[in-house]
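Understanding the architecture of this molecule
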Amino acid sequence: MLSEDLLAQLELVMTEFFTDNTSNDRKREIEDQLNAVWLQPEAWRHCLYCIGHTANEYVAMACITALENLINRQVGCALSSAQLTEVRESVLTTIRQKHHTLQAFVRNKLIKVVVDVARAQWPYEYPNFMEDIMMLGQQSQGEAGSSEVLCLVALQVAMEELAIREHQLMPHARKLQLRQQLHVHAPHMLAYVTGVLEKLLLCNTSDGNQRRGTTTPPPSPSHSPASPASPPALISSPAARHLDSVLRMLEQRSCQHYEPRPGWLHVAVTCPPRLDAAADNVAYAALNCLAQLLAWVPLELLAQHHCKALDLVFTFAALGGLQAMNSSSSNTVSISALSCVQEFLSRSCIPPSVNALLLHVLHSCQVLVHHLLGSSAAEGVGLGQVPGASAKQRLASLHPTYLDKVTELVRIFVSVYLRRFEQHPQFSVEEFLALLFRFSFSQPSLDGYLDCLEIWSALLEHISSKGGHEGSGVAPHQLERYSSVLELLAQGVLHKIQLRHNQCELEELDYDLLEEAGQSEPDAADYSDAWEDQQQSWGSGGGGVEHLTEQSECQSYFSHNLDLLARLADIMPDKIMDMLVPAWQENCAVYLSVESSLHLERVHEPGGASSLRISGQWGVSEEVLLSVHVALRDLCSLLQLLGRLATTFLGAQLVPRASTAMATIHRLVELGEFGMRLQLYSLDTSIELLKADLIQVHCEVLCSLRAWSHWLSQLYGQQFAESRCSSEAPSLSPSSSVPSPPSDSCADKSKPSNGCGGVLVSSHPHLETCHELNRQLLVLAASAVHGATTDNVPWLVVRCGVQLLLTVSLLVVSPVALQVQQVQLLYSAPVYSHSTPPGKVREMLYRALVNFLLLPWPAYSLQQQQQPADHVQDRPRLLASFMQLITQPLADQDPQLLMADPALREKGVLLEMVGTVMWSVGVVGGVGSSEVCCWVERLVQLVTSEQHLSLALANDQSPQAAVLARFLQLLSLVLSDPSPGLKRLVGVVVATLDELYPQVSQQPTAAAIRQPLFAVLRTLLEHNWKFFYRSTVQQPLSQSAWEEVQHGEHLTRILQAFGQSFMQTDIAVFRQNLSTLQLLNAKFRLYSKNVFRPLLSQFITVLLQVLLHGSHALLQDEIIACVYHMASVDLVAFNSQFLENFLRNIHALTDDQRAALKRDFSADSLLNVCTLDSLSLIHI
């Protein structure tokens, strides 16, 4: 076929391909036709003709892509050296002649073709490659500056492909050779790019613009856009005025430190260039090219040029702070300039020999940030800034992307280079931190402020690494240079989270996801669904109501601020607590006086019911309601922070700070008892905001107590420390065995110590206090849970109460719980009704109640005489009765009736039964295993019945499918339980799966069932391997062979099921089963077992076919690793037999390609070698 005819057909076909009404089948047909054309011997010559003679961009891109594939082909039909030479000469000619008319993406693609040829030929067969690139800048055709842009783009592509990009199939020696050649030409490239930038500065200054016309005058201060008015609370706040005065003081001090201006800033401020469209394109291309240079060019080369290139970069970067935000040209250029600095600072290694250069760059970054914040009113006149504007207004006038780039530069400096220069005599840590403080609290957006908080977190992590124990803070001499700024930071962040100081910003935060995550009062069904997917961390501490994974804007804001304050508390715990306590106590006083301030009264209604209401006789003014709302919101925030600070009282700080901790937890208990006594969370009012505030306060009190229960647990443990000390030093008196904590009103001083032979009996200094606090926590938690059935307690309060109950049951283990009446009521039958907390909350409640009965009582192990005998004997009886209550819904159902009546199964009865058995297994495990086994066997009959399975597999959205999926989760839970009583179900589960899998695999509509089904198979093999192979201890005791497998037919069918899943399109199941095989091989050497050997070649074949088709490209690395481990069982046989047969069956390969691939595959057993060989096969 002639090239002219091919070009005409290509233009028709490609136009049809990109037409909207072309079907996918027709597109695949066109692709097959094009692939056949590109496989012809003279295809490269046809591509060159079409590229040079077409004006259709679709045809040009298709031909260039085909030409790239031909050039980069490693084996088979690779182009010869002469053909490569003809290709790059033809492409260079096209670029020189048509670069001013080509689309930018076509031009860049053609340049990459030349670079691809150079990758193969430079420097031996193509010695003039770099000269050809530089000559592109001397073209005279086209618009002004187009030749310079062409040369700069060519340099950028060459550096990206030859110096930066990693080519996996290229030998390492060739990579080093290409980089050495680039290093030789680096001075010329740097000189060219620097010259272009200098030329732009000289030819486009403001003086030249004044000769061509007048400049736009600056906006008048009187006509500048007015900033939004702050609310009265913010204006009148003394703390806010204090923060503003601190910022002004730091600004005045910075002005003295950063004077005089460096030369690059003087040029940018006094005579900024005015770039037209052509000059802007050149500057953009030059800075992008320079960014690539700075990523790899030898640093000594930059140092030799006395930072000339970097000063030019900062000059263009400063333009972003001088022009208005709507000036797109200056913003684009300035953002590119900041990218250059970012590339330089992000280099993997900057040696100490260029510290002077690095320090110069870092100082220039600080000057730039100081300049953007504004040091005087005169700097901004006539340059896009409003004279007299605040730092926040100046930053708000910047382009958001530009400001993000500046923040990223500050982050890189703090996280990478601060520890390197903090002791340098030419670097002032104090001034830098003051600048960072100004930059952080002048951010105009929420995201910018949160990014700055992450920078401070990195700084605090660095300070924490200097020394000190966890919770004890950092040594004073280590904090000397940081303490003043860190105290200002703590005060600033505390003001940011309080509504009374930061009302303007906090009221603008978005709460949408907060309501979706369960913070509002949802229906029971919605609440259960929301919590089904949440992963709970039992007993985890921390203040604040727990939220779902996805956070609202408000949640994210408080989370970042509280995280930072917690880090500050780890460094200087006493100072943070001193800052927190006054505001917290003030808001606590408002909360405790809310009964009188809001004139609350309890109204008794007919029938015995009562409700808490605001008295209509007195009424409440709007001003009082607003002040109460602000105080309650701030109290919630400070309670969250208080919970986060509980960890600073643990460990070594337990005894020294005991008095402060006890005062804090007593105050929290007082708040909880006050809310519980008045039932403020159930206030009957039409003021929804006030009602929500009262609910949230009570929840935060419970959550904060949950965090402080860790402290209470360690305080209980003091008796063990005293016992150890007494054993080590029996001659000492009990009173001297442990240092006494500071005097505390809560300490138990009435009970004398009684030592006998050096053994402590009751010398715990706070034992009675621990008992009392434990009782109070249990009363608060159990009252919130029990109130769900009697007092209409909101579900949010119930959940927090259940979480507190669970944490106390795990951490503060003692028989005190069995003595609390409110806890005893939770074991009674009335709690388990339709009002029982739904979903995961109910499971947490069950788990907490079982913990009180099953977990040992370590806090009493030294004082056996204090263990009430009746409670010890009651524990088995309570557990048995409690198990009957849990399984009561099962006993109420008749399996025969369920089998006979399909309507009952569709009403969710069967789903509830499966869920109940799951709770039983998850909560008590093997306790009561006989009953659990009986119910699992009954559920097997119900769920696997022919009628139920047919309905479940016909529609994966049906109720029957939901029951089947939940039942499979139950089987996974049963198989993973180590209890011996449940192991007898393994055979039942295996038989069930043998019956279930064939039906699921044959139904295309059962996609939702496959993943939990394979999860059951994974759990079966991982946790019950002894069902198929006896342990190594049992094997020598028998006469069986070492590799004898039990139930081998079942194991073979399971492995075949895994193999069949690899031929399906579901990537989630593919990933899950691939990891299962790798896990089984790592734990049990599955691939080496005799039962797997007959399947080995089939598995490898299927996985290689998946790699070739590219259907699961996201799992390429995992698939190659799995193939490697399978082939490693017998690598010689893999290379000599399997590979030859596999390549023979790939009909698209020629004999030469097969031979080349067979020759290239190495017998090396290293994974990286296997990866390279597999990639060469994939990209053939």
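Residues numbered from 1 in each chain as written. Predicted model: local features only at pLDDT ≥ 70, side-chain atom pairs only at ≥ 80, totals over all residues. Heavy atoms only, no water.

Within an unreviewed UniProt entry, the label attached to the chain reads Exportin-6, and the organism entered is Hyalella azteca. As recorded by UniProt, the Sequence similarities (unreviewed entry) comment attached to the chain reads in full: "Belongs to the exportin family." (UniProt positions renumbered as here; feature names shortened; annotations may be inferred.)

If you tally the helices and strands in the chain, you get 56 helices and four strands. Within the chain, the proportion of its 1180 residues that are buried is 52%. (Helix = DSSP H or I, 4+ residues; strand = E, 2+ residues; numbered from the N terminus. Buried < 20%, exposed > 50% of the residue type's maximum accessible area, 1.4 Å probe, protein only.)

As a further point, take the environment of alanine 1006. Structurally, alanine 1006 can be placed in the loop between α48 (986-1001) and α49 (1007-1023). Taking relative accessible area as the criterion, alanine 1006 reaches 0% and is therefore assigned buried. Considering only alpha carbons, one finds alanine 1006 and alanine 954, 52 residues apart in sequence, at a separation of 7.2 Å. Ignoring any residue separated from it by four or fewer positions in sequence, one finds alanine 1006 in contact with Leu953 and Val1000. (Contact = heavy atoms within 4.5 Å.)

Counted at 1.5 Å a residue, the expected span for helix α14 (residues 277-296) with its 20 residues is 28 Å, and the 30 Å between its end C-alpha atoms agrees. Of all 20 residues in α14, 15 are buried, a share of seventy percent or more. (Expected span 1.5 Å × (residues − 1).)

The geometry of an aromatic ring pair is captured by two quantities: the separation of the ring centres and the angle between the planes. Tallied over the full model, the rule gives 25 aromatic pairs. Measuring from ring centre to ring centre gives 4.5 Å for tryptophan 1025 and phenylalanine 1084, while their planes differ by 5 degrees; the resulting arrangement is stacked. Here phenylalanine 1084 lies in helix α51 (residues 1067-1084) and tryptophan 1025 lies in the loop between α49 and α50 (1048-1061), a separation of 59 residues in the sequence. Here the two residues tryptophan 1025 and phenylalanine 1084 agree in accessibility, since each one is buried. Centre to centre, the rings of phenylalanine 1062 and phenylalanine 1099 are 6.1 Å apart; their planes meet at 75 degrees, and the pair counts as edge-to-face. Here phenylalanine 1062, found in the loop between α50 and α51, pairs with phenylalanine 1099, found in helix α52 (residues 1093-1109); they are 37 residues apart in sequence, far enough to count as distant. Each member of the pair phenylalanine 1062 and phenylalanine 1099 is classed as buried. These aromatic residues form a ring-pair network of at least three members: Phe437, Phe441, Tyr449, Tyr557 and Phe558. A cation over a ring is seen here: lysine 27 above phenylalanine 17, with NZ or CZ 5.6 Å from the ring centre. Lysine 1089 extends its terminal NZ or CZ atom over the ring of tyrosine 1029, reaching a point 4.8 Å from the ring centre. (Phe/Tyr/Trp six-rings, centres within 6.5 Å; stacked < 30°, edge-to-face > 60°. Lys NZ or Arg CZ within 6 Å of the ring centre and 35° of its normal.)

A few words on the nonpolar core. Judged by nonpolar contacts, the single largest core of 272 residues is most densely connected at Phe129, Phe316, Leu345 and Trp711. Looking at which element gives the most residues to this core, the answer is helix α33 (residues 688-716), with 15 residues. When residues no more than four places from it in sequence are discounted, the contact partners of phenylalanine 129 are Val114, Val115, Ala118, Trp122, Ala158 and Leu162. Residues Val986, Leu996, Tyr1087 and Leu1096 belong to the second largest nonpolar core, which totals 89 residues. (Core = buried A, V, L, I, M, F, W, Y, C linked by side-chain atoms within 4.5 Å.)

All right, on to the pattern of salt bridges then. Under the definition given, this model contains 28 salt bridges. With a closest N to O distance of 3.1 Å, lysine 496 and glutamate 505 form a salt bridge. Given a relative accessible area of 10%, lysine 496 falls into the buried group. The structure contains a network of salt bridges with shared partners spanning Glu68, Lys109, Lys112, Asp116, Arg119, Glu161 and Arg165. (Salt bridge = Lys/Arg side-chain N within 4 Å of Asp/Glu carboxyl O.)

Structurally, the position occupied by threonine 944 is in the loop between α45 (929-943) and α46 (946-954). Of the polar contacts made by the side chain of threonine 944, one reaches the backbone oxygen of valine 940; its length is 2.3 Å. Not counting the four nearest positions on each side in its chain, threonine 944 is found in contact with Leu939, Leu949, Thr992 and Glu995. (Polar contact = N/O pair within 3.5 Å; in protein donor to acceptor, adjacent residues only side chain to side chain.)

Turning our attention to the environment of aspartate 311. Mapped onto the elements of the fold, aspartate 311 is located in helix α16 (residues 308-318). Separated by 48 residues in sequence, aspartate 311 and glycine 263 have C-alpha atoms that sit 8.2 Å apart.

Turning our eyes to something else, we now look at the side chain of serine 637. Structurally, the position occupied by serine 637 is in helix α31 (residues 622-644). Taking relative accessible area as the criterion, serine 637 reaches 5% and is therefore assigned buried. One polar contact links the side chain of serine 637 to the main-chain carbonyl oxygen of isoleucine 497, over a distance of 3.4 Å. Once residues within four sequence positions are removed from consideration, serine 637 is found in contact with Ile497, Phe558 and Leu562.

Moving on, we come to the confidence of the model for the chain. Interpretation of the predicted coordinates at a detailed level should be avoided for regions scoring low in pLDDT. For the chain, per-residue confidence averages 77 on the pLDDT scale, and residues scoring 70 or more make up 74% of the total. The element-level mean pLDDT for the chain is lowest in helix α27 (residues 524-532), coming to 32, with helix α29 (residues 573-592) highest at 94. Below pLDDT 50 for its whole length, residues 206-236 participates in 21 contacts with residues either more than four positions away or in separate chains. In this model residues 376-388 is a low-confidence stretch, pLDDT under 50, and it forms 18 contacts with partners more than four residues away in sequence or in other chains. (pLDDT = per-residue confidence, 0-100.)

Together, Asp404, Asp447, Asp451, Glu454, Asp510 and Glu553 line one region of the surface with negative charge. Here the element with the most residues in the negative patch is helix α22 (residues 446-464); it accounts for three residues. (Patch = residues over 30% accessible without salt bridge, like charges linked within 9 Å, V, L, I, M, F, W, Y side chains within 5 Å. Areas by Shrake-Rupley, 256 points an atom, 1.4 Å probe, with all protein chains shown as cover. Lys, Arg positive; Asp, Glu negative; His and termini not counted. Charge placed at Lys NZ, Arg CZ, Asp CG, Glu CD.)

Moving on: empty space enclosed by the protein. Under the defined criterion, the tally for this structure stands at eight cavities of 30 Å³ or more. The wall of the largest cavity is formed by Leu362, Cys365, Gln366, Val369, Leu409, Val410, Phe413, Phe432, Leu435, Leu436 and Phe439. Mapped onto the lining of the largest cavity, the elements with two or more residues apiece are α18 (355-373), α20 (400-421) and α21 (429-440). Of the residues assigned to the lining of the largest cavity, the class counts are 10 nonpolar, one polar and no charged. (1 Å grid on protein atoms, 1.4 Å probe; cavity = no way out; pocket = protein on both sides within 12 Å on 5 of 7 lines; lining within 4 Å. Points joined across faces, edges and corners; volume = space filled by probe spheres on them. Nonpolar A, V, L, I, M, F, W, Y, C, P; charged D, E, K, R; others polar.)

Cis peptide bonds are those with omega within 30 degrees of zero, and the linkage from tryptophan 122 to proline 123 qualifies with 5 degrees. Residue position: proline 123 is located in the loop between α6 (104-121) and α7 (129-135). Phi is positive for arginine 1085, which is not a glycine, with a value near 55 degrees. With respect to the secondary-structure elements, arginine 1085 resides in the loop between α51 and α52. For arginine 1085, a relative accessible area of 57% gives the class exposed.

A few words on the packing of helix α8 (residues 146-164) against helix α9 (residues 172-203). Contact geometry of α8 with α9 gives a least axis separation of 11 Å together with a crossing angle of 150 degrees. When the axes of α8 and α9 are compared, the pair comes out roughly antiparallel. Two packed elements cross with a definite hand, and for α8 against α9 that hand is left-handed. Of the residues in α9, those touching α8 at Glu148, Cys151, Leu152, Leu155, Leu162 and Ala163 are Leu178, Arg179, Leu182, Met189, Tyr192, Val193, Val196 and Lys199. Tallied by class, residues from the contact of α8 with α9 come to 11 nonpolar, no polar and three charged. (Axes fitted to C-alpha atoms, helices over the stretch in contact; angles between N-to-C directions. Parallel < 35°, antiparallel > 145°, perpendicular 65-115°, else oblique. Left-handed = near helix turned anticlockwise from the far one by under 90°.)

Moving on, we come to the environment of phenylalanine 1027. Mapped onto the secondary structure, phenylalanine 1027 falls in the loop between α49 and α50. Separated by 24 residues in sequence, phenylalanine 1027 and leucine 1051 place their C-alpha atoms 9.8 Å apart. In contact with phenylalanine 1027, not counting residues within four places along its chain, are Val986, Gly987, Val990, Gln1046 and His1047.

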